Amino acid sequence: MFIVGLTGGISTGKSTVAKILHNEHGIPVIDADFYARKVVEPGKKAWYKIRSTFGDEVLKSDDQLDREKLGHIVFRDISKRKCLNQITHPEIMKEMLWMVCKYALKGYPFVVMDLPLLFEIKGDLLRFIHKIIVVSCEPDIQLKRLMERDLKGVELAKMKINAQMPLEEKARLANFVIDNNGSFEETCEQVNQVVAVLKADKFHLKMRILFSLVLICLFLLIIYLCSLWYFR
């Protein structure tokens, strides 16, 4: 099995592409945003660290994380944003990689990891990703969609966009770029073309052969060690 990274800028339409991949093609999509909410639930390791670092003012009356208040803090201060990422990203990755293992055991040839900050995260994740899809759109469309989604002013919307790597840079690092400026049907057609290429990729067979060889070697090693113990 291999991993496909799905990324893009905020409000470029990444969630739309993820839904097409899952609903139309039955491809497992592991959503980082889902686990980002899960790991900060009250009582979780990341929740305690956030409370300790940012104080009780970022919590609601029921101890749930007030994402809006925390967002106002971290999008105005890059050092605090980095601090938050250092708290949450390791926990998110643990959850997501566990899901990758589950899908591998079920026999899927590949899975998609929906990672908004794939390129911004510092670490070794990129070396495990076989192909990268970037969802892009024009800056004015991105800004308009973000303001409509969050119902916030242009200043905060621009701060959120500027907190991420520029779309042009992400597109240069991608294997596939999906232009989401047009209609849903146009986006869907582009996704279909990408899926056709991914399904034709035989890299997952190489990985399964390698995994099988590793298991065989481990099995033979166990037999050898058992025989040494038995005949000592």
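Placed above this text is the structure.
Description of the structure in this document. (Residues numbered from 1 in each chain as written. Predicted model: local features only at pLDDT ≥ 70, side-chain atom pairs only at ≥ 80, totals over all residues. Heavy atoms only, no water.)

**A few points about the pairing of strand β4 (residues 129-136)**
- Among the 8 residues of β4, 6 are classified as buried, and the element is accordingly described as predominantly covered.
- Of the pairings in the sheet, the one linking strand β1 (residues 2-8) to β4 comprises 6 bridges and is parallel in character. The partner of Ile3 across the bridge, within β4, is Ile129.
- Relative to strand β5 (residues 176-179), β4 runs parallel, the two being bridged by 4 bridges. Directly across from Ile133, in β5, lies its bridge partner Phe176. (Buried < 20%, exposed > 50% of the residue type's maximum accessible area, 1.4 Å probe, protein only. Helix = DSSP H or I, 4+ residues; strand = E, 2+ residues; numbered from the N terminus. Pairing = 2+ DSSP bridges.)

**Focus on the side chain of Asp114**
- Within the secondary structure layout, Asp114 lies in strand β3 (residues 110-114).
- Overall, the relative accessible area of 3% leaves Asp114 in the buried class.
- Here Asp114 is in contact with Leu6, Lys14, Ala18, Val29, Ile30, Asp31, Ala32 and Met96, once residues within four sequence places are set aside. (Contact = heavy atoms within 4.5 Å.)

**Quick word on a nonpolar patch on the surface**
- A cluster of nonpolar residues, Val214, Leu215, Leu218, Leu221, Leu225 and Leu228, forms a patch on the protein surface that exposes about 520 Å² of accessible area.
- Its place among the elements puts Leu218 in helix α10 (residues 203-230).
- Classification of Leu218 by relative accessible area gives partly exposed; the value is 46%. (Patch = residues over 30% accessible without salt bridge, like charges linked within 9 Å, V, L, I, M, F, W, Y side chains within 5 Å. Areas by Shrake-Rupley, 256 points an atom, 1.4 Å probe, with all protein chains shown as cover. Salt bridge = Lys/Arg side-chain N within 4 Å of Asp/Glu carboxyl O.)

**Observations regarding the state of the cysteines**
- Summed over the entire model, instances satisfying the criterion amount to 0 disulfides.
- Cysteine Cys101 shares no disulfide, and the gap to the nearest cysteine sulfur, in Cys217, comes to 20 Å. (Disulfide = S-S within 2.5 Å.)

**Details of the nonpolar core**
- Membership of the largest hydrophobic core comes to 35 residues, with the highest contact counts inside it found for Ile30, Ile50, Leu70, Ile92, Met96 and Leu115.
- Residue assignment for this core shows that the elements contributing at least two residues are α2 (32-38), α3 (45-54), α4 (67-74), α5 (78-105), β3 and β4.
- Top element by residues in this core is α5. It accounts for 8 residues.
- When we break this core down by domain, the ones giving at least three residues each are domain 1 (1-28 + 110-200) and domain 2 (37-107).
- One finds Ile20, Phe110, Ile133 and Val194 within the second-largest nonpolar core, a separate group that totals 20 residues. (Core = buried A, V, L, I, M, F, W, Y, C linked by side-chain atoms within 4.5 Å. Domains from an automatic or database assignment.)

**Let's talk about the packing of aromatic side chains**
- Using the criterion set out here, one finds 4 aromatic pairs in the structure.
- With 5.2 Å between their ring centres and 15° between their planes, Phe2 and Phe110 make a pair best called stacked. Of the two residues, Phe2 is situated in strand β1 and Phe110 in strand β3; the sequence distance between them amounts to 108 residues.
- For Phe110, a relative accessible area of 5% corresponds to the buried category.
- Taken together, a centroid distance of 5.0 Å and an interplanar angle of 80° make the contact between Trp47 and Tyr48 edge-to-face. (Phe/Tyr/Trp six-rings, centres within 6.5 Å; stacked < 30°, edge-to-face > 60°.)

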